[in-house]
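Residue strings, one per chain:
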Amino acid sequence: MAAAMVRFQFRHHSSLLQPSVLLPKLPSALPTPNLHTTGLRKLSVTGPPLCSNSDPIPEDSSVSGSDPSIVGGLLDFLNESWTQFHATAEAKRQLIDAGFHLLSENDEWDLKPGGCYFFTRNMSCLVAFTIGQKYSMGNGFHVIAAHTDSPCLKLKPKSASSKSGYLMVNVQTYGGGLWHTWFDRDLSLAGRVIVKGDDGSFSHKLVKVKRPLLRVPTLAIHLDRAVNKDGFKPNLETHLIPLLARKLEDASAEHKDKKVASTSKDAHHPLLMEILSDELGCGIDDIASIELNVCDTQPSCLGGGNNEFVFSGRLDNLASSYCALRALIDSCELHEELSTETAIRMVALFDNEEVGSDSVQGAGAPTMFQAMRRIVDCLTRQYVGEGAFDRAIRQSFLVSADMAHGVHPNFVDKHEEHHRPEIHKGLVIKHNANQRYATSGVTAFLFKEVAKLHNLPTQEFVVRNDMGCGSTIGPILASGVGIRTVDCGIPQLSMHRYNSTCLVVLSVTYCSI
């Protein structure tokens, strides 16, 4: 959990609203990002985009008010995490490198105060936590929850089709994407594959074809003269089918042999199976099952006149996932933090938020609360008192971290007049009277107090009454057991497009709050 928030000891009495009680001690090691830097970066017209930690961030750029390692780390995380599986694998790698112990939900847990642990589910959901050295029975959990999935195209179980001499790949839409933005992009495939080993066993493997492999071409304006007047309205079943290759009649002898060997895989093009087998280093017949997303190959990078923006796909919600993960890892590196901590810090990253969370790896499953109960049970084996878990939940606090809608300069009227979050103006607290967000007056106050103590501005968002409101995992988790929750996020533009924009400094702020 973020280092400042985990200091809270939430109690149901009049002292709840006193900031001095809420935050008795601030960690001295936290940076305070500068949200109003004015230095302009000297730009090189021919310079490459800043895409990772290996690309140095110039000291005179507006990003220099932020921690460069966080900025570069975010870009690396985005570029690694083409799918929910890759995002979880990268989070797992970072946690292991930081000294966290991998648990299995199938095994008995042996947890100790001061320990750092995590487990994964379905390779696309992850729960990580640290137990304060001074934890005592009934103390609460301080949680940040986000999600690993983003709107995308996914291969159908039978993806092979051919039209007009082209090999096509049938896809289904996942989530509420801006599907017209997927046309004319350099697309590829990534995801999870089940592979048969030499000993007859089966294992999961991740695959990522990094080169441009697919394309969904638009129709030339010469054949659709009214498109600029009537709008581009593609049929998602018939028009959104990516091209894989030309259909070759005279294949080489080697290719024919591979094609014959893959007759059992006729649900997918032999050429596609050949590409996957080459990437995985296995035989075509060893591929038992595939679960693949269509992904954009354009790397995440910094952009804008001062390199102040992050241009990337999947910002919703990998930016929040990375910030939550980084906050937990960084706070645990400070020995004095865990040695004086009385609560349990937790990060939960779920899959399937974009389609309602009702899955075994989604927030609708009791994954997080089962973990909480198991943690309390492990720590209370010698405890003979009553209601340790129930009391812990009542002492807990959840930050539902999901990206927010920044006001669009060309569509200002789409925001409610007095609630127009701006990029560069602070984190956004989301409100909805109909409980599409879980924020209450108390939880919003607590979040703003933490930000205020760190000199970090906040903004508030309410949707217009004549528009529908999206939702998050916040209400799902809040109602699951009754944990107090605030919904908040980093403002961004172009949400659910193949590529979107947020601000560098606010990403750093999220890690620090």
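See the structure shown above.
Residues numbered from 1 in each chain as written. Predicted model: local features only at pLDDT ≥ 70, side-chain atom pairs only at ≥ 80, totals over all residues. Heavy atoms only, no water.

### Observations concerning the packing of helix H2 (residues 68–80) against helix H7 (residues 315–332)
Between H2 and H7, the least distance of the axes is 10 Å, while the angle of their chain directions is 130°. In this view, H2 runs oblique relative to H7, as classed from their interaxial angle. Crossing handedness for the pair H2 and H7: right-handed. Note on element contacts: H7 touches H2 through Leu315, Leu318, Ala319, Ser321, Tyr322, Leu325 and Arg326, opposite Ser69, Ile70, Gly73, Leu74, Phe77 and Leu78. A class-by-class count of the residues in the contact of H2 with H7 yields 9 nonpolar, 3 polar and 1 charged. (Axes fitted to C-alpha atoms, helices over the stretch in contact; angles between N-to-C directions. Helix = DSSP H or I, 4+ residues; strand = E, 2+ residues; numbered from the N terminus. Parallel < 35°, antiparallel > 145°, perpendicular 65-115°, else oblique. Left-handed = near helix turned anticlockwise from the far one by under 90°. Contact = heavy atoms within 4.5 Å. Nonpolar A, V, L, I, M, F, W, Y, C, P; charged D, E, K, R; others polar.)

### What to know about the environment of Ala365
Mapped onto the elements, Ala365 comes out in the loop between strand E13 (344–350) and helix H9 (367–379). Counting along the chain gives 112 residues from Ala365 to Leu477, while the straight-line C-alpha distance between them is 9.4 Å. Leaving out residues up to four positions away in the same chain, Ala365 has contacts with Arg121, Ser357, Ser359 and Val360.

### A look at the pairing of strand E18 (residues 484–489)
With 6 of 6 residues buried, E18 lies mostly within the body of the structure. Covered by surrounding structure in E18 are Arg484, Val486 and Cys488 together with Thr485, Asp487 and Gly489, the residues of both alternating faces. In this sheet, E18 lies alongside strand E14 (residues 397–401) in parallel orientation, the contact comprising 5 bridges. Within E18, the position partnered with Val399 by the bridge is Val486. For strand E16 (residues 427–430) and E18, the ladder comprises 2 bridges, and the chain directions are antiparallel. Its bridge partner lying in E18, Ile429 is registered against Cys488. (Buried < 20%, exposed > 50% of the residue type's maximum accessible area, 1.4 Å probe, protein only. Pairing = 2+ DSSP bridges.)

### Side note on the nonpolar core
Among the nonpolar cores identified, the biggest contains 45 residues, and Leu95, Phe100, Val310, Val399 and Phe447 are the most heavily contacted of them. Element by element, the count of residues in this core is highest for H7, at 10 residues. Setting aside chain neighbours within four positions, we find Phe100 in contact with Leu95, Cys116, Tyr117, Phe118, Phe129, Thr130, Leu328, Ile329 and Cys332. Core analysis: the next-biggest nonpolar cluster, separate from the first, contains 34 residues, Tyr135, Ile344, Ala363 and Ala388 among them. (Core = buried A, V, L, I, M, F, W, Y, C linked by side-chain atoms within 4.5 Å.)

### Quick look at the sheet that holds strand E7 (residues 187–196)
The strand order E8-E7-E10-E5-E6-E9 describes an open sheet built from 6 strands, whose pairing is antiparallel. Looking along the sheet, the strands with just one partner apiece sit at the ends: strand E8 (202–208) and strand E9 (243–246). The mean angle between the axes of side-by-side strands here comes to 25°, regardless of whether they run parallel or antiparallel. Sheet analysis places E7 next to E8, joined by 7 bridges and oriented antiparallel. When the bridges of E8 are listed, Val193 appears paired with Lys205.

### Some remarks on the layout of surface pockets
Taken as a whole, the largest pocket holds about 830 Å³ of empty space. What lines the largest pocket is a set of 33 residues, and nearest its centre among them are His405, His415, Phe461, Met467 and Met495. The residue inventory of the lining of the largest pocket, partitioned by class, reads 11 nonpolar, 14 polar and 8 charged. (1 Å grid on protein atoms, 1.4 Å probe; cavity = no way out; pocket = protein on both sides within 12 Å on 5 of 7 lines; lining within 4 Å. Points joined across faces, edges and corners; volume = space filled by probe spheres on them.)

### Comments concerning the pattern of salt bridges
Under the defined criterion, the tally for this structure stands at 16 salt bridges. A salt bridge links Glu80 to Lys208; its shortest N-O distance comes to 4.0 Å. In this pair, Glu80 is assigned in helix H2 and Lys208 in strand E8, connecting sequence segments 128 residues apart. Of the charged contacts in the structure, one is a salt bridge between Arg345 and Glu341, with a shortest N-O distance of 3.0 Å. Across the pair, Glu341 and Arg345 agree in class, each one buried. Linked by salt bridges that have partners in common, Glu90, Arg93 and Asp97 make up one network. (Salt bridge = Lys/Arg side-chain N within 4 Å of Asp/Glu carboxyl O.)

### Some points on the packing of aromatic side chains
Enumeration according to the criterion identifies 7 aromatic pairs in this entry. With centroids separated by 6.3 Å and ring planes inclined at 45°, the aromatic side chains of Trp179 and Trp182 adopt a geometry described as tilted. A relative accessible area of 8% means that Trp179 is categorised as buried. A relative accessible area of 5% places Trp182 in the buried class. Here the aromatic cluster, defined as three or more aromatic residues joined through ring pairs, consists of Trp109, Tyr117, Phe119 and Phe129. The ring of Tyr166 is capped by Arg246, whose NZ or CZ atom sits 4.9 Å from the centre of that ring. Positioned above the aromatic ring of Trp109 is the side chain of Arg374, whose terminal nitrogen or guanidinium carbon lies 4.0 Å from the ring centre. (Phe/Tyr/Trp six-rings, centres within 6.5 Å; stacked < 30°, edge-to-face > 60°. Lys NZ or Arg CZ within 6 Å of the ring centre and 35° of its normal.)

### Let's talk about helix H11 (residues 441–453)
Taking 1.5 Å of rise per residue, 13 residues should cover 18 Å, and H11 covers 18 Å from first to last C-alpha, within 8% of that figure. Those residues of H11 not exposed but buried are Thr443, Ala444, Leu446, Phe447, Glu449, Val450 and Ala451. Two residues or fewer past H11, Asn455 is found with a positive phi of approximately 65°. (Expected span 1.5 Å × (residues − 1).)

### Some thoughts on the sheet that holds strand E17 (residues 458–461)
Spatially, 9 strands are ordered E1-E2-E3-E13-E4-E14-E18-E16-E17 in an open sheet, and the strand pairing comes out mixed. Edge positions in the sheet fall to strand E1 (101–102) and E17, since each has one partner strand and no second. Of the pairings in the sheet, the one linking E16 to E17 comprises 4 bridges and is parallel in character. Bridge assignment links Val428 to a residue of E17, and that residue is Gln459. Those strands touched by H9 are strand E2 (116–121), strand E3 (125–131), strand E4 (141–147) and E13, and its axis lies near 155° from that of E13.

### Here's the deal with the environment of Val294
Counting through the fold element by element, Val294 comes out in strand E10 (residues 287–296). Between the C-alpha atom of Val294 and that of Pro242, which follows or precedes it by 52 residues, the distance is 9.2 Å. Not counting residues within four places of it along the chain, the set of residues in contact with Val294 comprises Cys152, Leu153, Leu155, Val171, Trp182, Leu187, Ser188, Leu189 and Leu214.

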